[in-house]
Amino acid sequence: MRSLERLFRPESIVVVGGGFWCENVIRECRKSGFDGRISAVHPTRNEICGSPVVRSVSELSFVPDAAFIGVNRHATIETVRAFSKSGAGGAVCFASGFREASAELDDGVSLQNALVEAAGGMPFLGPNCYGFINALDGVALWPDQHGLAGANKGVAILTQSSNIALNLTMQTRGLPIAYLVTVGNQAQTGLSAIAEALLSDERVTAIGLHIEGLDDLAEFAGFAQRAHALGKPVVVLKVGRSQQAQTAAVSHTASLAGSAAGASALFKRLWFAEVTSLAAFLETLKLLHTVGPLSNYKIASMSCSGGEASLIADAAMERRLEFPALSDAQSRTLQEALGAKVALANPLDYHTYIWGDVDAMGRVFSAMMDSDAAMGLVVLDFPRSDRCSLDEWLKVIDAVDIAGENTGKPIGILSSLPENMPEDVALELLDKGINPFCGMEESLAAIEAAAFLGKRQLPDAIFVPTAPNKSVHLDEVQAKKILKKHGVAIPDKAVAHSGECAAEAAEEIGFPVVLKGIGFAHKSEAGAVKLDLNSIEDVLVAASGMATDAFLVEEMVAGALAELLVGVMLDPAHGYVLTLAAGGVLTELFDDNVSLILPVTRDEVDNALEGLKIARVLNGYRGKPACNRSLIIDAIMAVQDYVLSTAVAEVEINPLLCGETFAVAADALIRCEVS
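Here is what the cut-offs are and how they apply
Residues numbered from 1 in each chain as written. Predicted model: local features only at pLDDT ≥ 70, side-chain atom pairs only at ≥ 80, totals over all residues. Heavy atoms only, no water. Helix = DSSP H or I, 4+ residues; strand = E, 2+ residues; numbered from the N terminus. Buried < 20%, exposed > 50% of the residue type's maximum accessible area, 1.4 Å probe, protein only. Contact = heavy atoms within 4.5 Å. Lys, Arg positive; Asp, Glu negative; His and termini not counted. Charge placed at Lys NZ, Arg CZ, Asp CG, Glu CD. Arc of directions from axis to C-beta. Pairing = 2+ DSSP bridges. Axes fitted to C-alpha atoms, helices over the stretch in contact; angles between N-to-C directions. Salt bridge = Lys/Arg side-chain N within 4 Å of Asp/Glu carboxyl O. Phe/Tyr/Trp six-rings, centres within 6.5 Å; stacked < 30°, edge-to-face > 60°.

**Q** Looking at this structure, I do not really get the overall build of the protein. What am I missing?
**A** Helix and strand content of the protein: 23 helices and 30 strands. When the backbone C-alpha atoms are referred to their principal axes, the protein occupies close to 95 × 80 × 40 Å. Looking at the protein residue by residue over its 675 residues, the buried ones come to 55%. Long-range pairs, those at least 24 residues apart, make up 71% of the contacts in the protein between residues at least 6 apart in sequence. Charge-centre separation for the protein: the mean point of 52 positive side chains lies 4 Å from the mean point of 82 negative side chains.

Structure (structure tokens):
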């Protein structure tokens, strides 16, 4: 496929179609200051918004760099074919009624396939998309009004929703947006390729991705490597759930490691910062544009209100953010500036004693940053300029400016309510290198995300799995046999086909034993598992109460201190998702799980286990001995070895019984390719 350079930074544009949407593309390009050539194609009109018109693509006297195609879906295909043959740089396909409408239109899929074929090597965006805005070069292949201003540098935002893209252009938070691109159906050119193309523009400071579903796992991982190499941070807002990940799995793993968990694990693996709201998305991008990634999670907060100090302290409680305690030197400097009446702490309520005194505020803010805090925050909600004066509030900006120069550390001004940060003030702060934070919750989310990115490393390789052509569930006996072969410890066992045979097998294994009915996905719910059977009579009674003639008799593993779930699920959109969780009945009772993308290292598994709530039990709780962490990790790595060696859809051990000297798979299931 040809480079996207001509499409995104064109010197000539052609608009095909003459309705309102197409007229608006021409208007918006001119409004944005595009000084290149603009022509139109229409069968009857002589001019469109002052631009010359020809009757067909073949009549154009030049080969355009970019085209906006705003005709119906059938005409779109032939128009794309004509541009491709002419050597055009690329196109935006506005029309809908392709694959996205396959449930309503019988020909939606076939038309999209025909569109891709017609394009050949010419890149195009869509179909079913608004196109893009390049605010750096005044290009707006965009069929609607928008709120972006010109920019010298800024962030690039990609989204799969045209309406959300439109809404983002209307933000008044001061965020400079360099590119805004809608990807539509991604029929040919996917989000990964577009994002990678925008990375190469040195004026782009960070990338923001609003994602409904990934286009290609391998390409997405390649984009991550490129972003890391260029030192450009990436922020992700993931919405929706991949239909590919909605399997008919019968395990707990499937419910714990759905598409959302798989996506989050993938983003973390690639060192992308994930946020959960549009507001946090914008605030994170703004902070990265202004300051970049942060060195740690420590912040210093300053306000002239105890209420604001309490608000920010409470808002940070559920995050990894820290407020480092004041040193003796800080306290002495602060007391000299504030007097004896002010209680010194971080967050600091500096009261109103120094309000309006730029020098004193500058000394206080500087002293607060005389620590290992990576970011300073001055909480300041500006008054309404139509009814009030901003003069005294503007002095705080001067004081922050002084403190920034004194300490060389980033200090932002945070309005607790977004509407209390006027856009003109936000832009003034950006010019000074002071980040204008809008809204407390989203701003703290942004700081946390920037601190995560400050720790980022070269992304590890992602294993791109091959989905089984046809999968089948193996019973527990088969599953354990496979896992044992790969190094997972299992109890001594025997298979029996009657209650009497089960009793004989139990006597050979040695009491106590566990009796399980074979053929049940969830044995506990079906009454098909009985524990701690101590005699032949116990086994016979237990077998008579199960609706099966096939039994698994196992030794009763004594001395277990904890139970874990170890599961791997194939998520075609994100790779193999390893889930570790509290096991047994606790899996459903407690929200205690973590997901990782394979492959993983022993250290990564160890850190993940330590992040579980049940880690306190694994480490020895209230005088009880600790579980053998090394053996637990051995079992998890053995599961990984199996998964990476064959076409597997799902593996689950639940529970993995953990003790001082063992980690044994008490139950297991596998869904794998039919051989």
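**Q** Just to check I follow, could you spell out helix 19 (residues 536-544) for this structure?
**A** Quick reminder: α-helices carry 3.6 residues per turn. Residues three or four places apart thus point the same way. For helix 19, the full list of buried residues reads Val539, Ala542 and Ala543. Within helix 19, the buried residues cover an arc of 95° as seen down the axis, which keeps them to one side. What points out from helix 19, more than 90 degrees from its buried face, is the exposed set Glu537, Val541 and Ser544. Those residues of helix 19 that are buried lie in contact with helix 18 (499-509), strand 22 (513-517), strand 23 (529-533) and strand 24 (551-555).

**Q** Just checking my understanding: could you explain the pairing of strand 24 for this structure?
**A** Each regular strand carries side chains that alternate between the two faces of the sheet. Most of strand 24 is tucked away, with 4 of its 5 residues classed as buried. When strand 21 (residues 493-496) meets strand 24, the two strands line up antiparallel, connected through 4 bridges. Considered in strand 24, the bridge of Val495 is made with Leu552. Here strand 22 runs beside strand 24; their pairing, made up of 5 bridges, is antiparallel. Each residue of the ladder has a partner; that of Lys516, found in strand 24, is Leu552.

**Q** Help me out: how do you make sense of the pairing of strand 10 (residues 154-159) in this one?
**A** By the criterion of burial, strand 10 is predominantly enclosed, with 6 of the 6 residues buried. With 5 bridges connecting them, strand 10 and strand 12 (residues 204-211) associate as parallel partners. By the bridge assignment, Leu158 is partnered in strand 12 with Leu209. Where strand 10 lies against strand 11 (residues 177-182), 5 bridges are found, and the strand directions are parallel.

**Q** Teacher, can you tell me more about the sheet that holds strand 18 (residues 411-415) here?
**A** Two modes of strand pairing occur in sheets, parallel and antiparallel, and in both the strands are linked by backbone hydrogen bonds. Across the sheet, 5 strands lie side by side as 16-15-17-18-19; this open sheet has parallel pairing. In this open sheet, the two strands that pair with only one neighbour each are strand 16 (348-349) and strand 19 (436-438). Relative to strand 18, strand 17 (residues 375-379) runs parallel, the two being bridged by 4 bridges. Considered in strand 18, the bridge of Leu377 is made with Gly412. Across the face of the sheet, helix 14 (residues 391-407) comes into contact with strand 17 and strand 18 while running at roughly 155° to strand 18.

**Q** Would you mind going over the pattern of salt bridges with me for this structure?
**A** Pairs may arise between side chains of opposite charge once their charged atoms sit close together. Throughout the structure, instances matching the rule amount to 29 salt bridges. Close ionic contact of Asp137 with Arg9 constitutes a salt bridge, the shortest N to O distance being 3.4 Å. Remark: Arg9 occurs in the loop between helix 1 (5-8) and strand 1 (12-16) and Asp137 occurs in the loop between strand 8 (132-134) and strand 9 (139-141); sequence separation between them is 128 residues. Residue Asp137 is classed as partly exposed on the basis of its relative accessible area, which comes to 27%. In this structure, the salt-bridge partner of Arg203 is Asp201, at a minimum N-O distance of 2.8 Å. Assigned by exposure class, Arg203 and Asp201 land together as buried.

**Q** When you look at the packing of aromatic side chains in this model, what are you seeing that I'm missing?
**A** For any two aromatic rings, the description comes down to two numbers: the centre-to-centre distance and the angle of the planes. Counting across every chain of the model gives 16 aromatic pairs. A centroid spacing of 5.7 Å and a plane angle of 70° characterise the contact between Tyr350 and Phe365, whose relative ring orientation is edge-to-face. Of this pair, Tyr350 sits in the loop between strand 16 and helix 13 (358-368) while Phe365 sits in helix 13, and the two are 15 residues apart along the sequence. Among the aromatic residues, those joined into a cluster by ring pairs are Phe20, Trp21, Phe68, Phe94, Tyr130 and Trp142.

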